[in-house]
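The lines below spell out each chain.
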Amino acid sequence: MRFTSGTGSEVQMGAAEGKSMLYLEARCILITKGAGVQGLQNGSISCIGVPGAVPNGLRTVAAENLLTMACGLEVASGNDQTFSHSDLRRCARTLPQFFPGTDLIFSGYSAVPNYDNMFAGSNWDIEDMDDYLALQRDFQVDGGVRPVSEEEVLAVRNKAARALQAVYEELGFPPITDEEVEAATYAHGSKDVPPRNIPEDLKAGDRIMKEGITAVDVIKALAKRGFRDVAEAILMMMKQRISGDYLQPSAWIDKDGRVYSAINDPNDYCGPGTGYRLTPQRWEEIKNIPWAVRPEDV
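All figures in this text were calculated on a predicted structure; none of them were measured in a lab. (Residues numbered from 1 in each chain as written. Predicted model: local features only at pLDDT ≥ 70, side-chain atom pairs only at ≥ 80, totals over all residues. Heavy atoms only, no water.)

S.K.: Outline the pattern of salt bridges, listing residues and values.
M.R.: Under the counting rule described, the total for this entry stands at 17 salt bridges. The residue Arg225 makes a salt bridge to Glu169 at a minimum N-O spacing of 3.7 Å. Of this pair, Arg225 sits in the loop between α9 (215-224) and α10 (228-243) while Glu169 sits in helix α6 (residues 150-171), and the two are 56 residues apart along the sequence. Since its relative accessible area comes to 33%, Arg225 is described here as partly exposed. The salt bridge partner of Asp297 is Arg294, with a shortest N-O separation of 2.9 Å. Looking at Arg294, the relative accessible area reads 48%, which means it is partly exposed. Beyond isolated ion pairs, a larger network of salt bridges with shared partners links Glu169, Glu170, Lys224 and Arg225. (Salt bridge = Lys/Arg side-chain N within 4 Å of Asp/Glu carboxyl O. Helix = DSSP H or I, 4+ residues; strand = E, 2+ residues; numbered from the N terminus. Buried < 20%, exposed > 50% of the residue type's maximum accessible area, 1.4 Å probe, protein only.)

Structure, rendered in structure tokens:
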């Protein structure tokens, strides 16, 4: 069961009852715990502009994360919604989740430029990735991402574009040209790719509904055109959607399809030093940012 709890509607209750945002947030947290919920997407997601605009507001957001953890609930602490164009404020808003640790610092890290983010922009996006990688390294924090080389990124993006091109061709959708594949491989965002015939693409979308085209058809198309590993990955994802085992606030799925959540990986924190610790292998990954200068190279 997934619930969202964040400073927003509580502000209106506060105006009516003369209570603080934190008091009302605490009440929301305890209600959801009493209802048997295992965790919260908690940290003022879509309403972050409200506490961001009032004195002590962002401290309240950090406090509600702490309350949720103190109640033994899983915490996906937000950072998905932009609230300021100040790089310093955006970073400062994240640090209280960075240090004490929440189950997920982000409910989802934006992998697109801010202008392409249809969720009104994220507190962090792809343009901040280098800074985020450096922060992980600076503070020895597992923030959930790892450095990759430019060659790896280009190979993945090119393969994804070619796989999509193959699916479109198999299903008879408006073709994706080789020029578009090339552009998508190197593009920063939507401004760097050729314009599409939007009405024709929308008609293809209507066909999906009218003809009952499903993920199974996509999987078949991928396998037929030689993208078997991609087909198998999507098949695994569809199996997960049927089982629903990942529907916990802080669940995650490993590369083999195993789900980790509060059910099979409970919070056993018993004080300082007993929580999650980076393995030596994970620490080596985090340290290995591509632009770090080795002393022997100087």
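S.K.: Break down the packing of aromatic side chains for me, with residues and values.
M.R.: Summed over all chains, the structure comprises 8 aromatic pairs. Arranged with centres 5.3 Å apart and planes meeting at 70 degrees, the rings of Trp124 and Tyr132 form a pair that is edge-to-face. Here Trp124 matches Tyr132 in class, with each residue buried. Geometrically, the ring pair formed by Tyr168 and Phe173 is edge-to-face, given 5.5 Å between the ring centres and 90 degrees between the ring planes. Overall, Phe173 belongs to the buried group, its relative accessible area being 11%. Site record: aromatic cluster; members linked through ring pairs are Phe98, Phe106, Tyr109, Trp124 and Tyr132. Positioned above the aromatic ring of Tyr115 is the side chain of Lys191, whose terminal nitrogen or guanidinium carbon lies 4.1 Å from the ring centre. (Phe/Tyr/Trp six-rings, centres within 6.5 Å; stacked < 30°, edge-to-face > 60°. Lys NZ or Arg CZ within 6 Å of the ring centre and 35° of its normal.)

S.K.: Provide a residue-level description of the packing of α9 against α10, including the pertinent values.
M.R.: Relative to each other, α9 and α10 sit at 160 degrees, their axes nearing to 7 Å. Comparing the axis directions of α9 and α10 gives the class roughly antiparallel. When the axes of α9 and α10 are compared, the crossing they make is left-handed. Residues Ala215, Val218, Ile219, Leu222 and Ala223 of α9 pack against Arg228, Val230, Ala231, Ile234, Leu235 and Met238 of α10. (Axes fitted to C-alpha atoms, helices over the stretch in contact; angles between N-to-C directions. Parallel < 35°, antiparallel > 145°, perpendicular 65-115°, else oblique. Left-handed = near helix turned anticlockwise from the far one by under 90°. Contact = heavy atoms within 4.5 Å.)

S.K.: Account for the layout of surface pockets, with residues named and values stated.
M.R.: In this model, the second largest pocket occupies a volume close to 1300 Å³. What lines the second largest pocket is a set of 37 residues, and nearest its centre among them are Ala111, Val153, Arg157, Ala184 and Ala187. Only α5 (129-139), α6 and α7 (178-186) provide two or more residues apiece to the lining of the second largest pocket. Residues that form the lining of the second largest pocket fall into these classes: 25 nonpolar, 4 polar and 8 charged. (1 Å grid on protein atoms, 1.4 Å probe; cavity = no way out; pocket = protein on both sides within 12 Å on 5 of 7 lines; lining within 4 Å. Points joined across faces, edges and corners; volume = space filled by probe spheres on them. Nonpolar A, V, L, I, M, F, W, Y, C, P; charged D, E, K, R; others polar.)

S.K.: So what about α5? Which residues, and what values?
M.R.: Within α5, burial applies to Met129, Tyr132, Leu133, Ala134, Leu135 and Gln136. Against the buried residues of α5 lie α4 (87-98) and α11 (280-287). Downstream of α5 by a residue or two, Gln140 has a phi angle that is positive, lying close to 50 degrees.

S.K.: Give a description of the pairing of strand β2 (residues 39-42) that names residues and reports values.
M.R.: Residues Gly39 and Gln41 point to one face of β2 and Leu40 and Asn42 to the other, with burial holding for every one of them. The sheet contact formed by β2 and strand β3 (residues 74-76) spans 3 bridges and is parallel. Looking at β3, one finds that Gln41 is bridged to Ala76. Handedness of the β2-helix α3 (residues 57-70)-β3 crossover: right-handed. (Pairing = 2+ DSSP bridges. Right-handed = clockwise from strand over helix to strand, strands pointing away.)

S.K.: Quick rundown of the packing of helix α2 (residues 21-34) against α3? Include the residues and the values.
M.R.: The N-to-C vectors of α2 and α3 enclose an angle of 25 degrees; their axes lie 10 Å apart at closest approach. Viewed along their axes, α2 and α3 adopt a mutual orientation that is roughly parallel. Crossing of α2 against α3: the hand is right-handed. Between α2, through Met21, Leu22, Glu25, Ala26 and Ile29, and α3, the contact on the second element is made entirely by Gly57, Thr60, Ala63, Glu64, Leu67 and Thr68. Its residues placed into classes, the contact of α2 with α3 shows 6 nonpolar, 3 polar and 2 charged.

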